[in-house]
Amino acid sequence: MMIGCHGLVWAGDFDPPGFERAVTRSRATGFDILELPLLDPYGFDVDAAIETLGRHPITITASLGQSRETDVTSEDLERVRAGEAKLNRAVDVLAALGSRHLVGVLFGELRKYSEPPTARARANGVAVIRSVADRAAEHGITLGIEVVNRYESNMINTATQALRYIDEVDRPNVVVHLDTYHMNIEESDMYRPVALCGDRLGYVHVGESHRGYLGSGTVDFPGFFRALDSISYDGPIVFETFSTAVVNENLSRMLAVWRNLWDDSDDLAQHALGFIRNGLRAVETIALH
Ligand code: MN
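Just so it is clear, the model here is predicted, and its values are computed rather than measured.

Novice: I'm lost on the overall build of the protein chain in this one. Help?
Specialist: Across its full length, the protein chain carries ten helices and eight strands. Taken over the C-alpha trace, the protein chain has a radius of gyration of 18 Å; the compact-globule value for 289 residues is 19 Å, and the two agree within 12%. With the principal axes as the frame, the protein chain shows a C-alpha extent of 50 × 40 × 40 Å. Counting over 289 residues, the protein chain shows a buried share of 55%. Side chains of the protein chain give 27 positive and 41 negative charges; the mean places of these two sets differ by 3 Å.

Structure below.
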């Protein structure tokens, strides 16, 4: 199982020094993957990243959420086209880095809504995801549709809704991306959504109920790890956390990160890696019983 670390454990900005810090600290901690927050794929320095990865190899994945101007689930075709271009650019960046996973709220603006999406807006978004998926497939990249809570999307809040959405998209490289933080808010338990997804689960975020240290909140991690084992999940498992200790102007505000839940990135990351490894190991031993 590949275990990863979200970039915001290490850096708020992914300019070349921030990227290098995130890469080297993730490797030193023992993670297999660094997930890059690729909120601005146009501003990301690809050449510098390739150079860094040449010296410090690690598997890269990337996540993003759309802004108002790039919301593909919209009736405004200018936004839809801008969102499609941004996703295509992100695919190109990841292809250059040899990455296989683009995940997150690719399908819409990350915010609290006061109304549901219209049928036309939804159809516009589905068409974009389908088209970007075809481009991604040429590079062996899968698109993970992240299920997030009601304050971050008005469309995909449960695994059931995500499965319906990817059925509409109808491309084999579009998969469900579950996040325990969001599941803890919206799902009935930590087991059923994973079982429903089965082999269509392609990416996992592990986050605590308050996004702090794993094990210090209310998420049922033993249940979640058993669920992953029951479907023989072998995709990425990435630790995601946010604190005012490390801030990205855009992302931290979109995600309402107002409190300091940790201040020592190294201690936090070591703890998370151990927590995930131990949880997965405990589940493995059940086969011996
Ligand atoms: Mn997440």
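Now that the structure has been shown, the text picks up again.
Novice: Could you clarify how one ought to interpret the pairing of strand β1 (residues 3-6) in this entry?
Specialist: Residues in a regular strand project their side chains so that they alternate between the two faces of the sheet. Burial of β1 is two-sided: the residues Ile3 and Cys5 facing one way and the residues Gly4 and His6 facing the other way are all buried. Bridge analysis of β1 against strand β8 (residues 237-239) gives three bridges, and the strand direction is parallel. By the bridge assignment for β8, Cys5 is matched with Phe239. Looking at chain direction, β1 and strand β2 (residues 33-37) are connected through three bridges and run parallel. Following the sheet pairing, His6 is matched in β2 by Glu35. Read as a crossover between parallel neighbours, the route from β1 over helix α1 (residues 16-29) to β2 is right-handed.

Novice: What's the story with the nonpolar core in this structure? I'm lost.
Specialist: Considering soluble globular proteins, one finds that nonpolar side chains tend to be buried as a cluster. Ranked by internal contacts, the top residues of the largest apolar core, which has 88 residues, are Phe44 and Leu102. Residue contributions to this core peak at seven residues, all from helix α10 (residues 265-284).

Novice: Help me understand helix α4 (residues 119-137) in this model?
Specialist: One turn of the α-helix equals 3.6 residues, which is why residues spaced by three or four share an orientation. Its 19 residues place the ends of α4 27 Å apart at the C-alpha level, agreeing with the 27 Å of an ideal helix rising 1.5 Å per residue. Within the span of α4, buried status applies to Ala121, Asn124, Gly125, Val126, Val128, Ile129, Val132, Ala133 and Ala136. Lining the buried residues of α4 we find α3 (77-96), β4 (101-109), β5 (142-146), α5 (159-169) and β6 (174-179).

Novice: Help me understand the side chain of Glu109, please; the structure alone is not making it clear to me.
Specialist: Along the chain, Glu109 falls in strand β4. Looking at Glu109, the relative accessible area reads 9%, which means it is buried. Leave out the neighbours within four places in its chain, and Glu109 touches Gln66, Ser67, Arg68, Asp71 and Glu152.

Novice: Is there a simple way to explain helix α2 (residues 46-55) in this structure?
Specialist: Restricting attention to buried positions, one finds in α2 the residues Val46, Ala48, Ala49, Thr52 and Leu53. Down the axis of α2, the smallest arc covering the buried residues is 160°, so these residues share one side. Across from the buried face of α2, at angles greater than 90 degrees, the exposed residues are Asp47 and Gly54. Buried positions along α2 lie against α1, β3 (59-66) and α3. Where α2 begins, the side chain of Asp45 points an oxygen toward the backbone nitrogen of Asp47, at a separation of 3.4 Å.

Novice: I tried to follow the coordination of the manganese ion on my own but got confused; where do I start?
Specialist: Where a metal carries four tetrahedral donors, each ideal angle is 109.5 degrees; where it carries six octahedral donors, the ideal angles are 90 or 180 degrees. In the first shell of the manganese ion, the protein supplies Glu146 (OE), Asp179 (OD), His205 (ND1) and Glu240 (OE), at 2.1 to 2.2 Å from the metal. Sequence spacing of the donors to the manganese ion: E-x32-D-x25-H-x34-E. Placement of Asp179 in strand β6 and of Glu240 in the loop between β8 and α9 (249-254) is noted, with a sequence separation of 61 residues between them. Judged by relative accessible area, Glu240 falls into the buried class, the value being 6%.

The rules behind the values
Residues numbered from 1 in each chain as written. Predicted model: local features only at pLDDT ≥ 70, side-chain atom pairs only at ≥ 80, totals over all residues. Heavy atoms only, no water. Helix = DSSP H or I, 4+ residues; strand = E, 2+ residues; numbered from the N terminus. Rg over C-alpha atoms; globule rule 2.2 N^0.38 Å. Buried < 20%, exposed > 50% of the residue type's maximum accessible area, 1.4 Å probe, protein only. Lys, Arg positive; Asp, Glu negative; His and termini not counted. Charge placed at Lys NZ, Arg CZ, Asp CG, Glu CD. Pairing = 2+ DSSP bridges. Right-handed = clockwise from strand over helix to strand, strands pointing away. Core = buried A, V, L, I, M, F, W, Y, C linked by side-chain atoms within 4.5 Å. Expected span 1.5 Å × (residues − 1). Contact = heavy atoms within 4.5 Å. Arc of directions from axis to C-beta. Polar contact = N/O pair within 3.5 Å; in protein donor to acceptor, adjacent residues only side chain to side chain. Donors = N, O, S within 2.8 Å, 3.2 Å for Na, K, Ca; no water.

By themselves, these figures tell us nothing about what the structure is for.
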